[in-house]
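Inside the fold
Here is how the chains run, residue by residue.
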2 protein chains.
Amino acid sequence: MANKYVYMFSEGNRDMKNILGGKGANLAEMTNLGMPIPQGFTISTEECMKYYEDGEKLSDEVIKEIEDSLKQLEELTGKEFGSLNNPLLVSVRSGARASMPGMMDTILNLGLNDESVVSFGNLTGNEWFAYDSYRRFIQMFADVAKGVKKSYFERVLDEFKEKEGVKFDKDLTIDNLKEIVNTFKGIYKDELGEEFPQNPKDQLFAAIVAVFKSWNNERAIVYRKMNEIPDDWGTAVNVQMMVFGNMGDTSGTGVAFTRNPATGEKGMFGEYLINAQGEDVVAGIRTPKAITVLEEDMPEVYKEFIAITERLENHYKDMQDMEFTIENGKLYFLQTRNGKRTAAAALKIAVDMVDEKLITKEEALMRVEPKQLDQLLHPAFDQNALKEGVVVAKGLPASPGAGAGKVYFTAEDAKAARAKGERVILARLETSPEDIEGMIAAEAVLTVRGGMTSHAAVVARGMGRCCVSGCGDIHMNEEAKTFEVSGKTFKEGDYVSVDGSTGTVYEGDIATTPAEISGDFATFMAWADEVKRLKVRTNADTPTDAKKALEFGADGIGLCRTEHMFFNETRIFSVREMILSESDEERAKALEKLIEYQREDFIKLYEVMDGHVVTIRLLDPPLHEFLPREEDEIVALAKDMGKTVEHVKEEIESLKEFNPMMGHRGCRLSVTFPDITRMQVRGILQAAAHVERELGHDITSEIMVPLVGNIKELKYVKEIIIDEAEKVIKEEGIDIKYEVGTMIEVPRAAITADEIATEAEFFSFGTNDLTQMSLGFSRDDVSKFLGDYYDNKILEADPFARIDEDGVGKLIKMAVELGRKTNPNLPIGICGEQGGEEKSVDFCHRVGLDYVSCSPYRVPIARLAAAQAAIRNR
Amino acid sequence: MANKYVYMFSEGNRDMKNILGGKGANLAEMTNLGMPIPQGFTISTEECMKYYEDGEKLSDEVIKEIEDSLKQLEELTGKEFGSLNNPLLVSVRSGARASMPGMMDTILNLGLNDESVVSFGNLTGNEWFAYDSYRRFIQMFADVAKGVKKSYFERVLDEFKEKEGVKFDKDLTIDNLKEIVNTFKGIYKDELGEEFPQNPKDQLFAAIVAVFKSWNNERAIVYRKMNEIPDDWGTAVNVQMMVFGNMGDTSGTGVAFTRNPATGEKGMFGEYLINAQGEDVVAGIRTPKAITVLEEDMPEVYKEFIAITERLENHYKDMQDMEFTIENGKLYFLQTRNGKRTAAAALKIAVDMVDEKLITKEEALMRVEPKQLDQLLHPAFDQNALKEGVVVAKGLPASPGAGAGKVYFTAEDAKAARAKGERVILARLETSPEDIEGMIAAEAVLTVRGGMTSHAAVVARGMGRCCVSGCGDIHMNEEAKTFEVSGKTFKEGDYVSVDGSTGTVYEGDIATTPAEISGDFATFMAWADEVKRLKVRTNADTPTDAKKALEFGADGIGLCRTEHMFFNETRIFSVREMILSESDEERAKALEKLIEYQREDFIKLYEVMDGHVVTIRLLDPPLHEFLPREEDEIVALAKDMGKTVEHVKEEIESLKEFNPMMGHRGCRLSVTFPDITRMQVRGILQAAAHVERELGHDITSEIMVPLVGNIKELKYVKEIIIDEAEKVIKEEGIDIKYEVGTMIEVPRAAITADEIATEAEFFSFGTNDLTQMSLGFSRDDVSKFLGDYYDNKILEADPFARIDEDGVGKLIKMAVELGRKTNPNLPIGICGEQGGEEKSVDFCHRVGLDYVSCSPYRVPIARLAAAQAAIRNR
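Scoring rules and cut-offs
Within any chain, residue numbers begin from 1 and follow the written order of that chain's sequence. Chain labels run from A onward and ligand labels from 1 onward, assigned in the order the entries are written. With pLDDT at 70 or above as the cut-off, local features in this predicted model cover only qualifying residues; side-chain atom pairs require 80 or more to be listed or tallied, and sums for whole chains, interfaces and linings still use all residues. Think of the side-chain values as coming from all heavy atoms in the structure, minus any hydrogens and water. For helices the rule is a DSSP run of H or I covering at least 4 residues; for strands it is a run of E covering at least 2, with both sets numbered from the N terminus onward. The span you would expect from a helix comes to 1.5 Å times its residue count less one. Only the stretch in contact is used when fitting a helix axis, every axis being a line fitted to C-alpha atoms; angles between N-to-C directions are given from 0 to 180 degrees. Should the near helix be turned anticlockwise from the far one by less than a right angle, the crossing is left-handed, and should it be turned clockwise, the crossing is right-handed. Only Asp, Glu, Lys and Arg are considered charged in this grouping, and only Ala, Val, Leu, Ile, Met, Phe, Trp, Tyr, Cys and Pro are considered nonpolar; every other residue, Gly among them, is considered polar. Contacts are assigned to residue pairs that have any heavy atoms within 4.5 Å of one another. Definition used for salt bridges: Asp or Glu carboxyl oxygen within 4 Å of a side-chain nitrogen of Lys or Arg. Whenever a nitrogen or oxygen atom comes within 3.5 Å of another N or O atom, the pair is scored as a polar contact, on the condition that within protein one atom can donate a hydrogen and the other can accept it, and that pairs from neighbouring residues in sequence are kept only if both atoms are in side chains. The buried label goes to any residue with under 20% of its type's maximum accessible area, the exposed label to any with over 50%, and the partly exposed label to all in between, with areas taken from a 1.4 Å probe on protein chains only. Think of it this way: DSSP has to see at least two bridges between two strands before they count as a pair. Handedness of a crossover: with both strands directed away from the viewer, a clockwise path from the first strand across the helix to the second marks it as right-handed.

What follows covers helix 23 (residues 584–609) of chain B. If you check helix 23 of chain B, its first and last C-alpha atoms are 35 Å apart, about what 26 residues at 1.5 Å a residue would give, namely 38 Å. Where helix 23 of chain B terminates, the next one or two residues include B:Asp610, which has phi positive at roughly 50 degrees.

Printed below as a string of structure tokens:
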């Protein structure tokens, strides 16, 4: 036999998830452990892919294998499929490698037909139960396997109950049920043009095919995309003997967790229903009992149950999520799996299990998904309140957290409302640096334009502020201070709620719950630090951000963007004066004001950083970003500078660029305006000298030159820096240490990194720009086509959120190798947005970087990701 | 002796140019050939660099070497430096590796002082001559070595002549001269605060230092930058015994060429003056005689002269440019070098010399600078008329040639004026596709903004139209239809003259001479084709351009930009309709109109191309480039489409991009608007089918997908292309061959070329975009900082004009290697602007490309460059 596509439960084990799917592998494992499992067999994921390759057909060999397995199952159970005397009934369930909840519904009671329902009634002594099972089966089969709308059947049921004047299904008579079965079969025939299949094998193969087809239904595809599950994994099909929890008061069914999935607390957690089938628990018509009550209801069963769950947790060494059924006092387990949990629970369980010596610290570290930590650091919507929420729009989850408040349309209005004690949402077409104070005042920021790395997104993440960006559904009318979306108009002061973790915008004021960090967090993160090789720095421009990052365990600042220091209301004026200067004297005057600010900024930053390393990037954006756009601002500026409005406008016009991202910015500014660079260097070193003197910190200023593409650029700018630095050192009379390094963000820099390393004292990958230029993706414009790229599977992840390993990653690898060839000890880091993303951190570890740098709120994520990378790549 | 810095002429040879400079090496060679050369020695270029390294100081060893050489020279000549009886007088001249005319003036008669002038008079029996030599020396030394203004001395001379009532220097008396010498020495002292040096060695070392210093004077630096001569080559200094052409009527001096440097005609060409020194020939006060007259004046000397010039030409196997002096009937050669020549002359000389069996065809091919050919293909200004021209501005030499005419400020006005028979210059802030017809009507195009690869530049080069772009000096007032520059205002209808080969703009109407292509051109280019390995294709979008390119020897079309087909007045309307369509029906309607145009375009193109390969690039630019900007056009469009003006404006606004170069363009358009791609493919293949049927051409349509960065993009678009192509093939009922290839212009494509080659049937490097993205240089914005980059030596050449070998070149190399690893037979070309530039062509040859593609007028240049590359890299 060339290939095997069908496995009895006893032929598999937990390691065969890729072939058997999660559910099948665990059923096999439990079978091997001798646990009470209704037996069955699994049709492999490989057969699913083969089914598609064969043109959506089950091959003859596979049909044969299934029939053989069925025979074995009959022997195991002593029942017979399609038999009138002792019919074997089965359930058919999908089960993929990764859990994909809701991908396909289950079909229960398969094998019943017009004849066997009678003998089943006789056999169980419960005709009502038999017909109830049959009508459920017809409905499930028609719905799940054949796509007939569930509501058609439910309507019939409702009509019967109304006619009979009863409230619950269980109060229908056996005659009702028999009539219902006939009506259901009628619906089936009307809808599908064929009789409801009476041959159990026809039923079975139809159900199997339905599971395979469900792999490519809309829901499944969307779920896979969201969770990055490859399309070619396929799903397995589990065919399992039915057991019945609804055979009377010594029967029942339930779900349970070995620990509390919300808090992580140890102890059985779950609920069950006496005399019910699985779907009844979920349906919520009857209120289930707490699992502990089972001890009173059926003490023996409970004892066995507890023993098995303990054995399962010890075996899997993780919190288990289980389904079970009691049939006439006999306990069966239908499923076990590692249970989903909240971040807080994940942390507690991991730490507890290490205490219990169930797992090692390293195993514990691998148990928590880094990005889950976000939940702990940001407020979230109250889950119950959220259920009532009405979604009005979907944007990009630009900065996690939840915020609810009154919507305002300008930074000024937001600030004013905040001052009056209101909770505020700032809604803008797009934000600009002038909106900073409005963003600070807001609970959340909502923008119509811009991607995951737009101004709004970057700044919001930096300050831990919730943000949804690129919400293109919204029609914004900034002048009227309204926006329209989903047919509703929101005016200034209307409540909206914004979920930055999902990108969802709700109408109204939804309650939030604050961030909570437990003691387990510190314990757990300390373990991460023991293991990780990568340092984790932060991108921070203000003392507030820097302090937050240190609290979150940052090893220093990897990127301080000096331009953000310029945007404050009073400073930007001097910046504009500097830019529009027509003579060296004018420029010198403006620079003199700016250096005061810069020195003060760096002093405060150095003070907070308490000796931790600070990497300061010289001015990077094109100068026109600092210039006013609004008429009144232009008029004010012209007046203040003693120039005509026309002149100022002309200057603004002349500074405009076609493609500013590749224009006059970065080190190109240092080449054309060396005075600005000198001012910055002076401010940095004077501040370092001050703090060294006052606080005795040992500071090495890392000065970083942006946008270098050519060794000669770096050499030229470095000479300016050194020249000015040496002057300051002389003036200050103390030895201030400094290093001059460079961003690697222009592809040419990566390609010629061997040359650049002859001058650079450190490298820092600016993966935002490197991604933009390597892919030719303007991050502010990609939203115009990125949707189509995802839909057509050209792209699977946002390259601005996760490093594009095959492209940008190759350049990074090349640059690291070339740079280290020149200088084996060259310190190399990354300060792009991707530095806080799990898989990118893993890449950075593998490629041999020294550190990653990310926004303060992503520091814990990066620390854990770095630890996991170290463990994974050992 | 560790190093040798000074060489007697007899110690060198022609191959030592790097050390001795051109002049020194040739003087040495002629010495070795036994020709009559006033002997001397050369101080090497290496000493020049050492002089700078030593802090602008001659080292003791070098001084010693010079003194030793001086002693040897005294022995050779039997004269003594600084002697009263038989003084050795010398000339001091600079001489770099490459000819740098006018870098430093010559100092003659060095060695004279107050005493030796007397004995020199006695020795030559000509006191007048001795004092005349002395006063000349004082003036030259003061001017050249010490920077005293020449005019101070000339004024004295003029005053004396006026006082004496004479017209020429030669009519001054000996007493006058003696008085003049004293006055000159007085000026020297007044200006420099020291006596005129009487010690000949002091004079000599001062002169040598002056030559070294001249290497870094303003003129020399500018010249080097213009001619791309490295700063670290340095100059040599030649110290040579004086001979005198001004010792009476059996003396004389002249310059001569072995062939006519303007026409290339064989035969002695030059002029001389009896009883004169070199400077008199140049000064133009006396009219020199044609060299042939020398035969009558001094038959013996002439015979010797002719014999030597013939020997020189045969020895150097190139046309020689020589200086000579006759001293008392004895002929001396002072210099020989390969003569500068016009393109026409270069071509004729090269072809003639092959006929004369003096050189091989391959040597001939190496003799003509490829870019010189431009002169032959474009009109030029009449050189005499140009002397009168008043320069008003300098821009970028965007497209070669010369044009003079009345200036107009809109395409419409230009077209109208042209229709009335006027010669027209189109002046614009920048051109857009809507200006095409105005550009066609104009003799030359002049823009204020935009670089060498701006719209104006690319289109103008394509049509062979003269263009100066990026002329930032000009203050344009498009509304008033005037511009201001150099303090002058030019109104509509004023004459200007534009030199696209130099970037110069003149006022007034300067006469031009038409392009002339001789029979030699065809002969010569045929030789090039025999030798070259690279094919040369052309970038052409119209039948006119394509035809021109075929005349110039193109092997096919390497890049047909389909978007240029859309800009015609009637078509752009349909394009706009297509872009602004709100439904599939609307779009389909617009596309139906466009496909008619496309099919017609390609039919005409295929007809002209007569079976030569045509590579057609799918639509590339972002759609907003096609949309109207002017209010009236927007209103017209809205009306015609039955939409509101607001709606159209909103749509235009929503298509705007922050960085369009990295935005929604290229294959990204194919992903979001597959219908456009289908329309284009349909048009191409229907046209191919038509022309195959009608004319029997065997056509393979090469369809090129732009801006691919990811194999999945190419795969996706290729599937669309194949699907549509197969439909057309089926409909047409004949087998139309087609290939689907890709541009390699996104860095990521170069990095992942191995993957991309699995789908691409050919590669074509789009080096414009590849340069933009690899360097992060927006070509439309670089003008803001490129000047500073040149000034500070960060960049030496425009990377958009010449491939940046160290950066972009490395990516190209990588892509070629990766692509050929996947498919060893992958055809690879380049279609960026650099494809017509000499050094870039050499690079393309070395890196193993199959073809280069460039604008029609650069095809001959590329053919020759390809031939030279083949020879050079053999």
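All names here are of chain A. Running from amino to carboxyl end, helix 23 (residues 584–609) crosses helix 27 (residues 674–695) at an angle of 35 degrees, the nearest separation of the two axes being 8 Å. Handedness of the crossing formed by helix 23 with helix 27: right-handed. In terms of residue class, the contact of helix 23 with helix 27 is made up of 13 nonpolar, five polar and five charged.

Residue and element names in this part refer to chain A. Position of Ile229 relative to the elements: it lies in the loop between helix 9 (218–227) and strand 5 (235–241). In this structure, the C-alpha to C-alpha distance between Ile229 and Tyr134, residues 95 residues apart in sequence, is 36 Å. Once residues lying within four places of it in the same chain are set aside, the contact partners of Ile229 are Ala98, Met100, Trp215, Tyr223 and Arg224.

Moving on to the interface of chain B and chain A. Taken residue by residue, the interface counts 51 residues in chain B and 51 residues in chain A. Linking chain B with chain A are two salt bridges. A salt bridge links A:Arg748 to B:Asp804; its shortest N-O distance comes to 2.7 Å. Connecting chain B to chain A are 27 residue pairs in polar contact (both at pLDDT 80 or more). For the side of chain B that touches chain A, the elements supplying multiple residues, two or more each, are helix 25 (645–655), helix 26 (667–672), helix 28 (711–732), helix 29 (747–751), helix 31 (767–775), helix 32 (783–791) and helix 33 (808–822) of chain B.

What follows is about the environment of A:Thr562. All names here are of chain A. Within the secondary structure, Thr562 is located in the loop between strand 25 (556–561) and helix 22 (569–579). C-alpha of Thr562 to C-alpha of Asp620: the two residues are 58 residues apart in sequence and 8.1 Å apart in space. Beyond its immediate sequence surroundings of up to four residues, Thr562 is in contact with Gln598, Phe602, Ile616, Arg617, Leu618, Leu619 and Gln680. A polar atom in the side chain of Thr562 sits 3.4 Å from the backbone nitrogen of Leu619.

In this section: the pairing of strand 25 (residues 556–561) of chain B. All names here are of chain B. Of all six residues making up strand 25, six are buried, and the element is well covered by its neighbours. Across two bridges, strand 24 (residues 535–539) lies against strand 25 in parallel orientation. Its bridge partner being in strand 25, Thr538 is matched across the sheet by Ile557. Following the backbone out of strand 24, through helix 21 (residues 543–551) and into the adjacent parallel strand 25, one traces a crossover that is right-handed. Pairing of strand 25 with strand 26 (residues 613–617), which is carried by four bridges, proceeds in the parallel orientation.

As a further point, take the sheet that holds strand 17 (residues 466–469) of chain A. Paired through backbone hydrogen bonds, the strands of a sheet run either parallel or antiparallel to each other. All names here are of chain A. Ordered by their spatial adjacency, eight strands build an open sheet running 12-22-21-14-15-16-17-13, and the pairing between neighbours is mixed. In the strand order of this sheet, the two ends are held by strand 12 (390–394) and strand 13 (396–399), each with one partner. Between one strand and the next, the sheet's axes are offset by a mean angle of 35 degrees, whatever the strand orientation. Pairing of strand 12 with strand 22 (residues 504–507) involves four bridges; the strand directions are antiparallel. From the neighbouring strand, Val390 faces strand 22, where its bridge partner is Glu507. Contacts between helix 17 (residues 411–419) and the sheet are confined to strand 14 (402–408) and strand 15 (424–428), with strand 15 contributing the most and set at about 175 degrees to the helix.

Here we take up the environment of B:Leu396. All names here are of chain B. Looking at where Leu396 falls in the secondary structure, it is placed in strand 13 (residues 396–399). Take Leu396: its relative accessible area is 30%, and that puts it in the partly exposed class. A C-alpha to C-alpha distance of 52 Å links Leu396 and Asn328, two positions 68 residues apart in sequence. Those residues in contact with Leu396, other than ones at most four positions away along the chain, are Gly450, Gly451, Met452, Cys467, Val468, Ser469, Gly470 and Gly503.

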